[in-house]
Amino acid sequence: YVVSFLMNGGKPDYEVLALSARHGHDDIVSVLIGSDADVNSTAEDGSSILMNTVGRGHIQIVKLLLENGANPLVKRKSDGKTALDIALNSDIREEEEIKILKESMKNFKDTKIHGSSVNKSSTGRTEVKRKSRKRKLIRGKENEELKRINEKVHMKVKKIILVRNLNKSLLKRI
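Conventions used here
Residues numbered from 1 in each chain as written. Predicted model: local features only at pLDDT ≥ 70, side-chain atom pairs only at ≥ 80, totals over all residues. Heavy atoms only, no water. Axes fitted to C-alpha atoms, helices over the stretch in contact; angles between N-to-C directions. Helix = DSSP H or I, 4+ residues; strand = E, 2+ residues; numbered from the N terminus. Parallel < 35°, antiparallel > 145°, perpendicular 65-115°, else oblique. Contact = heavy atoms within 4.5 Å. Nonpolar A, V, L, I, M, F, W, Y, C, P; charged D, E, K, R; others polar. Core = buried A, V, L, I, M, F, W, Y, C linked by side-chain atoms within 4.5 Å. Buried < 20%, exposed > 50% of the residue type's maximum accessible area, 1.4 Å probe, protein only. Polar contact = N/O pair within 3.5 Å; in protein donor to acceptor, adjacent residues only side chain to side chain. Salt bridge = Lys/Arg side-chain N within 4 Å of Asp/Glu carboxyl O.

The next subject is the packing of helix α3 (residues 26-34) against helix α5 (residues 59-67). At a minimum axis distance of 10 Å, the contact between α3 and α5 shows a crossing angle of 10°. When the axes of α3 and α5 are compared, the pair comes out roughly parallel. The segment α3 lies against α5, with Asp26, Val29, Ser30 and Ile33 engaging Ile61, Leu64 and Leu65. The residue makeup of the contact of α3 with α5, split by class, is five nonpolar, one polar and one charged.

Okay, structure coming up:
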């Protein structure tokens, strides 16, 4: 259904991505992110996609969101809580998830403070390398788990296209 929606020109929005992430549908989240869904979109109360995902046992989706640029520093307007605060107070408290969130918050702060990394080249010139969303996507796709998810999604897309073409050919015969 989601792939069909996207193939027919639908645009991924906050609600679709938030619900997919919240309920642990990593294959759908991967497709939506690949379709340029905004991982930093928020609801009216300031809840982010990441906030809706943490504390529910969906570590792979938390990793996927963070690898694709989700901001772990966002605070919910209603109570000022971050994704880490929510994870720390959830019924399904996972230490690995908490560790990932703490690390990503530190890295996100460092990136925002410095804005770029500075390296000396072999010629002695200073080169500034900016971190981009695209580079994060490429790095994330190299992850074995993401490859598995992408293969799974690819197979589902093939099946949907096959069924769609079959339905079209059957309708032509009628």
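Before going further, it helps to examine the nonpolar core. With 28 residues, the main nonpolar core has Val29, Leu50, Val54, Leu65 and Leu101 as its most contacted residues. Among the elements of the structure, α2 (14-22), α3, α4 (49-53), α5, α6 (83-88) and α7 (95-114) are those that each provide at least two residues to this core.

Turning our attention to the environment of Ser90. With respect to the secondary-structure elements, Ser90 resides in the loop between α6 and α7. On the basis of relative accessibility, which here comes to 17%, the residue Ser90 falls in the buried class. Measuring from C-alpha to C-alpha, the distance between Ser90 and Gly55 comes to 5.1 Å, with 35 residues separating the pair along the chain. At 3.3 Å, the side chain of Ser90 and the backbone oxygen of Ala87 are in polar contact. Among the polar contacts listed, one links the side chain of Ser90 to the backbone oxygen of Ile92, at a separation of 3.0 Å.

The final tally for this structure, using the stated rule, is three salt bridges. One salt bridge connects Glu95 with Arg93, and the closest N-O pair in it is separated by 3.1 Å. Classification of Arg93 by relative accessible area gives partly exposed; the value is 44%.

The next subject is the side chain of Ser47. With respect to the secondary-structure elements, Ser47 resides in the loop between α3 and α4. Ignoring any residue separated from it by four or fewer positions in sequence, one finds Ser47 in contact with Tyr14, Ser41, Thr42, Asn52 and Arg76.

In this structure, Asn68 sits in the loop between α5 and α6. Taking C-alpha positions, Asn68 is 9.6 Å from Asn40, a pair spaced 28 residues apart along the chain. A distance of 2.8 Å separates a polar side-chain atom of Asn68 from the backbone oxygen of Leu64.

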